[in-house]
Amino acid sequence: MYHKLTEEDVFALRELVGEEAVLFGDQISRDYAKDELGGIERMPEAVVTVRSEEQVVRVMRYAYEKTIPVTVRGSGTGLVGGAVPKEGGILLHTAKMNRILELDEENFTVTVEPGVLLMDLAAFAEEHDYLYPPDPGEKSATVGGNISTNAGGMRAVKYGVTRDYVRGLTVVTPTGEVLHLGGKVAKNSTGYSLKDLIIGSEGTLGIITEAILKLLPLPKYSVSLLVPFKDRKSAIEAVPKIIRSEVTPTAVEYMAKETILYAENYLGKKFPDTSSDAYILLTFDGSTEGQIEADRKTVAELCLSLGAPDAYLIDTEERKKAVWSARGAFLEAIKASTTEMDECDVVVPVGKIDEFIDYTHRLAEETGLRIPSFGHAGDGNLHIYLCRDGLGEEEWEEAKKACFDGMYEKAASLGGLVSGEHGIGYAKKEYLKKQYGEGPVSLMQGIKRVFDPKNLLNPGKICF
Amino acid sequence: MKILVCIKQVPGSNNVEVDPVTGVLKRDGAASKMNPYDLYALELAVSLAERFGGTVETLTMGPPQAKAVIVESVCMGASRGTVLSDRKFAGADVLATSYTLSQGVRKLGDFDLIFCGKQTTDGDTAQVGAELAEALGIPNVTGVLSVEEIKDGEVFLTAALDNRVLTLKAKMPCLLSVGADINTPRLPSYRILREVKEEQVRFLSFEDFPDREEKHYGLNGSATQVERIFPPEKNTEKKTVEGGVEEMAEALFGLIQSRKLL
């Protein structure tokens, strides 16, 4: 059904985007066959690096005419196989479309191309005294990738997720048509929100070529608080109480001692305190020092009244670095502690976090797998890792399946969902279908057919 | 065992602005913090007191608001601290500063060990520790990495000397200047903060000192004068290497070699 690329196609593509921009056959590095998720690989037939919307249109029109599948890739930092070209075809590499096009200080927006890296966008905004609030752990991800997965991150408790900051999108459809969705406007009740359909669609409906993002004034002050608890249960139970107090922290992260020790090992640097089994790390930001000090005091007092032995103050660049660098290294530290790992990014109602983590500990005992976790305690989004360690291929696959089946079923029973921020991609398809069932999945499939009748864009992902 | 740690309040941001006309550091309204290098000294001191028994006190010189770093040191495990504050101390260079500190130490009593950070982030001279030891007439070891043992009036330690590590013993009392990054300083405790008492922060002025000769303090007691302060030039040079893997590696290697980084 799909057309296999020939020398002739490569020649034609090179005519469209330039000789250097097309890699074919042996020229393609294996890196393009996978993302950060281990285990799923497929080589693309060609890698096409585009530098403009016009080039995206040309390539897409050609692919549509020839029925060649197209998978979009930014930095390739996804964790669910979303950028793996499952059917081969063209891998459309958009990382070089990385210009920041406009800062509109009247409307508090920044317009960017999809290949701009999250860290570059954050730094650009800060330089101009603005904040781009979405703050996923992977700072080298592209903005296009963040929009495609509706990435969340640590500041979601106060500021929400990527979707809340996308005002407008320019999208190239599978037929090569350019759509302008949304705009610089703050409100929009103009028919179906197609822009919101594109956000989180993981490159299956259209190719994002431009995004208008909302900015906030940069909070002038920020402090953190590290609160030790005697065990996980008392730490997690404190979270909804903190959120119910009159203070809104920017971030509320749960850290188990075990995970902190992996980070110490990985970074070769001691964490300021490891005397307790569980920690909650909170951040407060605001425009006056007095306000954040008062917020921090309120929460510190609350935590002490809930039985926390202390609350540690993190107020300088050095202290923030000592604590947050460890938090930022958790994923890589766990990865480095094992031979292979797979992850689960479920989101459960905040009040059910403890029950869910408790369940993962029981699973670890039953299956013998090591299952470290950490999470955004403030929004119920957990990152749970299955570590292969010394297991043989067959045992690993078997244990992994048993754990995933159990965890997704448990999450669903608690009112949770399959993915909080990493997306469905290829790896979590089965679980999405299982949880949502026939009705919602066939609606998703219908939407996909309307946008992409030939099923060319990122085939084999999310709902197909 | 009685331990004293000398600390200093410095500007809170590492990007301190210098007034282009007067050449003076802009401190007004800027947040301040404890000199980051002093945190390593304080952590080492507190952990030694925990290990070998004893108490830790802190000492600083500065305006009355320097009280904040004394309170912070108490939150990190010191039992109390002293601010040396007097208009007569203003404008001191390293010589006058270390002499003023030595008078503070003499007033406070005897200590077995005195710790200093390696340097400060605002002055960057790294001289006050050694000059304080001189003024007190006690031995001084710089670049201390660890303290292994304390017994029979002696301290056994390791210290860095360029690319060597020295194993030393010193007779107490002595002054140890502590290297950077030798430990992870503990975080200030909120539980202690809410219980800090007035008497844990003491103020001493010129009138309290054994030596009340004004010539020895502040600008009068300084052997050096600052002519001009200016921010170092920022290096914003960027170079992007493009091309194939081998090409980029070759270009990068060439760059590293030409800058004599290898």
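Everything below is about the structure printed above this text.
First, a word on scope: everything that follows refers to the structure included in this document. The structure presented is a predicted model; accordingly, all values stated were derived computationally and were not measured.

Cut-offs applied
Residues numbered from 1 in each chain as written. Chains lettered and ligands numbered in written order. Predicted model: local features only at pLDDT ≥ 70, side-chain atom pairs only at ≥ 80, totals over all residues. Helix = DSSP H or I, 4+ residues; strand = E, 2+ residues; numbered from the N terminus. Buried ≥ 20, exposed ≤ 12 C-beta atoms within 10 Å, placed from the backbone. Contact = placed C-beta atoms within 7 Å. Pairing = 2+ DSSP bridges. Axes fitted to C-alpha atoms, helices over the stretch in contact; angles between N-to-C directions. Arc of directions from axis to C-beta.

### A word on the overall build of chain B
Right, so step 1: Helix and strand content of chain B: 6 helices and 11 strands.
Right, so step 2: The burial tally for chain B puts 35% of its 262 residues in the buried class.
Right, so step 3: In chain B, of all internal contacts separated by at least 6 residues, the share reaching a separation of at least 24 is 68%.

### Here we look at helix H7 (residues 232–244) of chain A
In an α-helix, one turn spans 3.6 residues; hence positions three or four apart end up facing the same way.
Right, so step 1: Restricting attention to buried positions, one finds in H7(A) the residues Arg232(A), Ala235(A), Ile236(A), Ala238(A), Val239(A) and Ile242(A).
Right, so step 2: Those residues of H7(A) that are buried lie in contact with strand E12 (221–229), strand E13 (251–256), strand E14 (278–286), helix H9 (289–305) and helix H12 (353–367) of chain A.

### Side note on the sheet that holds strand E1 (residues 2–6) of chain B
All names here are of chain B.
Right, so step 1: The 9 strands lie next to each other as E9-E8-E7-E10-E6-E1-E4-E5-E11, forming an open sheet whose pairing is mixed. In this open sheet, the two edge strands, each paired with only one partner strand, are strand E9 (164–171) and strand E11 (201–204). For this sheet, the mean inter-axis angle between neighbouring strands, taken without regard to orientation, is 30 degrees.
Right, so step 2: Inspection of the sheet shows E1 paired to strand E6 (residues 113–117) by 4 bridges, in the parallel sense. Of the residues in E6, the one forming a bridge with Ile3 is Leu113.
Right, so step 3: Along the sheet, helix H2 (residues 67–75) makes contact with strand E4 (55–61), strand E5 (80–84) and E11, crossing E5 at roughly 165 degrees.
Right, so step 4: Helix H3 (residues 94–108) rests against E1, E4, E5, E6 and E11 of the sheet, and its axis sits at about 140 degrees to E4.

### Thoughts on the interface of chain A and chain B
Think of interface size as the accessible area that goes away when the parts come together; that is how it is often given.
Right, so step 1: On the side of chain B, 12 residues touch chain A, which itself brings 18 residues to the contact.
Right, so step 2: Those elements that place two or more of their residues in the side of chain A that touches chain B are H9, strand E15 (312–314) and helix H10 (317–328) of chain A.

### Examining H10(A)
All names here are of chain A.
Right, so step 1: Among all positions in H10, only Arg319, Ala322, Val323, Ala326 and Arg327 are buried. All buried residues of H10 fall inside an arc of 125 degrees around its axis, so they share one side.
Right, so step 2: Taken together, the buried residues of H10 touch E12, E13, helix H8 (257–267), E14, E15 and helix H11 (330–336).

### Some remarks on the sheet that holds strand E9 (residues 178–182) of chain A
Residue and element names in this part refer to chain A.
Right, so step 1: Strand order in the open sheet made by the 5 strands is E5-E6-E10-E8-E9, with antiparallel pairing throughout. If you trace the sheet from one side to the other, it starts and ends with strand E5 (100–104) and E9, each paired once. When the angles between neighbouring strand axes are averaged without regard to direction, this sheet yields 15 degrees.
Right, so step 2: Pairing geometry for strand E6 (residues 109–112) and strand E10 (residues 207–214), over 4 bridges, is antiparallel. Within E10, the residue paired with Thr111 across the bridge is Ile212.

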